[in-house]
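# Structural overview
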Amino acid sequence: MKKIALRIPRHVLNIEAVKRKEKRMDNLKANKIIAVDFDGTLCENKYPEIGEPRRNVIDYVKTRREHGDKIILWTCRVGEMLENAVKWCAERGLKFDAVNANLPEVIESFGGDTRKIFANEYIDDRNYPCRIDTVTNVLYVCDGKKCGDICPDKDKTCRHTSDITHAKNFTEGDYGYYWETDATAENDSDVLRQILNTVHGRDSAEFLGKLVDVVEDWLAYKGITADDVPNEERTDAENEAIICGEDYDLLAEGFRTVIHSGLIPKTEEKCEKSSMESWAEREVEIACERENPDRKPGKWDYGCACHESALKAFLSLLEDGHSGLSISITKQILNRLIDGKPLTPIEDTDDIWEFAYRIGLSEGEPGFSAYQCKRMSSLFKTVYTNGTVKYEDNNRCCGVDVNSPDVSFHNKLITDVVDDMYPITMPYCPEDKPFVVYREDFLTDAKNGDYDTVAFLYLTKPDGERVEINRFFKEDKDGRMCEIGFEEFEERRKMHEERLWNLKIEKLESIFGFKFYDWQKRYLKGDDMAIYGRGRGSGKTFIYCLRVLLEERAAFRLADFRSIRDKRGKFLTDVDCRERDHLILLLHSLQTINAKLVSAGFKTNLILDGEEE
């Protein structure tokens, strides 16, 4: 069995300082310091709201303060929520000697304010297990002779007291700790049961941290400070921590080794669930109820199965003793495994490649052979006949349309563009996030499918840095994408816009059932209507209303129509509606044309009564 020893060089000890510290600590032993949590302890856990009061805990803490003990509220609440908690306690007669801070006499004794709140007792629902159901559960086992007025069973055969010095089955040990003296396998004390359950339960990592804290408290008690124990790993946030970094890990691992070596026997009693387990199970239960409210017991459901699998993974992490930082590291590892990414860099050795396919390579014909990586299925190695080697990772990058960035996709051209800028080299370890390429595409000729022109505008690297690309491609007569210049790209954009305009005109003609005049088409594009024919039946009112409804302008209501100006600055009703009957005809035409456009799926500028702008 390996022994764990803490070595402190004699030259770091100040004997006189230690004696002064011990004298000040003797003054603190006259009364206990009790640190009590708020959410889940003084009240039911409804954070950020305040739950129903736990009268038994409140009464116990108030009684201890009446007997001279100092009470510290130790909670994660800050700001206004903390002020509300303190006010809530005061309304129930519970006052504190300190809030989220050490007592002044403790700060003086330690020669400074420690990172941890010092107390003789800690009452917290996150203790494992926490069984503050009745006031007797927070008391000590005694001989039944002294129970005071706080025990609800004082008239019966009571076994509890708040005065541990009166409990004859406990004896005082070093540093003010009490130990049970007559516990047997058949009648373990509640304290021993809690220790054993904690050691072998799901909160073992937290338990090990508390053991390290005990050592740190002892060092502080003896006058040792962080300055006496140099450590290059100590950060600004840990400037007062005596034990940190590798020292902390080594000490915790030493405790873990002792625990798992069997020196502390496992209890036969089944471990109670931790608060984190209960919370996770309840959250998944709520999610499954929302996913499928009508789900019958035992019936399989896809969404519920995903939630339940996630719960199994989470409980497995707790069972292995993970919490905090270790869970975060484990999650990163798990995400890489799920994404099919290696945990260590890939080296180009013959044993990691598997032949995939071959193109060309006949006599005198250029070609290449492709190989797939056994460690990462998305990684390929291409060996050309001239000896050139190229690597491609199909999951390394993705593309998004600048006009619809929420939808991503992938194709070979995107990979080629990224590889030209950032070629893969060995050893290769893929990033957690992909290169994201922002592109724009459009179609100039309907026979070419979805698009035949592409612009690669810029990309964002895995670290978030933006890099400009500005490369342009078009589909050639053989169906392959070839690179073009910016000027040609802009010409093709005009072709695309003309194609869309013609499609729009065709749809409008289909809606209204007749062909438009050429001047009407040009007018819809923004030409001045004054040059066209006049008189009734010329189609001017129709095309005028159509343009007002579809062109880019602020939305309007019929009641505001007469105050709207056209692009030339004239009032719309001044164009050809100087007489009242003409205005009535124009408004009627406007409503009729708008109704047909809306029914066909067009978005218009007219706001009808009852609609919001």
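What counts and what doesn't
Residues numbered from 1 in each chain as written. Predicted model: local features only at pLDDT ≥ 70, side-chain atom pairs only at ≥ 80, totals over all residues. Heavy atoms only, no water. Helix = DSSP H or I, 4+ residues; strand = E, 2+ residues; numbered from the N terminus. Buried < 20%, exposed > 50% of the residue type's maximum accessible area, 1.4 Å probe, protein only. Contact = heavy atoms within 4.5 Å. Pairing = 2+ DSSP bridges. Axes fitted to C-alpha atoms, helices over the stretch in contact; angles between N-to-C directions. pLDDT = per-residue confidence, 0-100. Phe/Tyr/Trp six-rings, centres within 6.5 Å; stacked < 30°, edge-to-face > 60°. Parallel < 35°, antiparallel > 145°, perpendicular 65-115°, else oblique. Nonpolar A, V, L, I, M, F, W, Y, C, P; charged D, E, K, R; others polar.

Take the overall build of the protein chain next. Looking only at helices and strands, the protein chain has 15 helices and 18 strands in total. Each of the 613 residues in the protein chain was classed as buried or not, and the buried ones make up 36%. Within the protein chain, residue pairs in contact and separated by at least 24 positions form 54% of the contacts whose partners lie at least 6 positions apart.

Strand order across the open sheet formed by 4 strands is E9-E10-E11-E12, with antiparallel pairing between neighbours. The sheet is open, and its two borders are formed by strand E9 (353-359) and strand E12 (389-393), each paired with just one other strand. Sheet twist, expressed as the average angle between the axes of neighbouring strands with direction ignored, equals 25°.

Here we take up the confidence of the model for the protein chain. With 71% of its residues at a pLDDT of 70 or more, the protein chain shows a mean pLDDT of 76. Mean pLDDT per element in the protein chain: strand E5 (residues 140-141) is the minimum at 44, and strand E16 (residues 453-460) is the maximum at 95. Across residues 23-28, where pLDDT falls below 50, the model places 9 contacts with residues more than four positions away in sequence or in other chains. Contacts from residues 128-159, a stretch scored under 50 in pLDDT, to residues over four places away or in other chains number 75 contacts.

Turning to unusual backbone geometry, a few remarks are in order. Residues Tyr47 and Pro48 are joined by a peptide bond in cis, for which omega reads 10°. Cis geometry marks the peptide bond from Met426 to Pro427; its omega dihedral reads 0°. Non-glycine residue Asn100 carries a positive phi angle of around 50°. Assignment of secondary structure puts Asn100 in the loop between strand E3 (98-99) and helix H4 (104-110). Overall, Asn100 belongs to the partly exposed group, its relative accessible area being 28%. Residues other than glycine seldom take positive phi values, yet Asn470 does so here, at roughly 55°. Positionally, Asn470 belongs in strand E17 (residues 466-475).

Taken as a whole and assessed by the stated rule, the structure comprises 18 aromatic pairs. Ring centres of Phe442 and Phe489 lie 5.3 Å apart, and the angle between their planes is 40°; on these two criteria the pair is classed as tilted. Remark: Phe489 occurs in helix H12 (residues 486-512) and Phe442 occurs in strand E15 (residues 435-442); sequence separation between them is 47 residues. Take Phe442 and Phe489: they sit in the same class, and that class is buried. Where Phe516 meets Phe542, the ring centres are 5.7 Å apart and the plane angle is 70°; that geometry is what we call edge-to-face. With Phe516 in the loop between H12 and helix H13 (518-524) and Phe542 in helix H14 (residues 540-550), this residue pair connects regions lying 26 residues apart in the sequence. Of the two residues, Phe516 and Phe542, neither departs from the other in class, the shared state being buried. One aromatic cluster in this structure is built from Phe442, Phe472, Phe486 and Phe489.

Turning our attention to the packing of helix H8 (residues 275-291) against helix H9 (residues 302-319). A pair of packed helices is captured by two measures, namely the crossing angle of their axes and the spacing between those axes. Interhelical geometry of H8 versus H9 gives an angle of 175° and a closest axis separation of 9 Å. On the basis of their axis angle, the class for H8 and H9 is roughly antiparallel. In this structure, H8 contributes Met276, Glu277, Ala280, Glu281, Val284, Ala287, Cys288 and Glu291 to the contact, and H9 contributes Gly303, Cys304, His307, Glu308, Leu311, Phe314, Leu315 and Leu318. Along the lines of polarity and charge, the residues of the contact of H8 with H9 split into 10 nonpolar, 2 polar and 4 charged.

Read from one edge to the other, the open sheet built from 6 strands follows the order E14-E13-E15-E16-E17-E18, with strand pairing classed as mixed. What marks the edges here is a single partner per strand, and that holds for strand E14 (404-409) and strand E18 (481-484). Taking each pair of neighbouring strands and ignoring which way they run, the sheet shows an average axis angle of 35°. The sheet contact formed by strand E13 (residues 397-401) and E14 spans 3 bridges and is antiparallel. Along E14, the bridge assignment pairs Gly399 with Phe409. Contacts from helix H11 (residues 412-421) reach E13, E14, E15, E16, E17 and E18 within the one sheet, and its direction differs from that of E17 by about 135°. Here H12 sits on the sheet in contact with E15, E16, E17 and E18, set at roughly 55° to E15.

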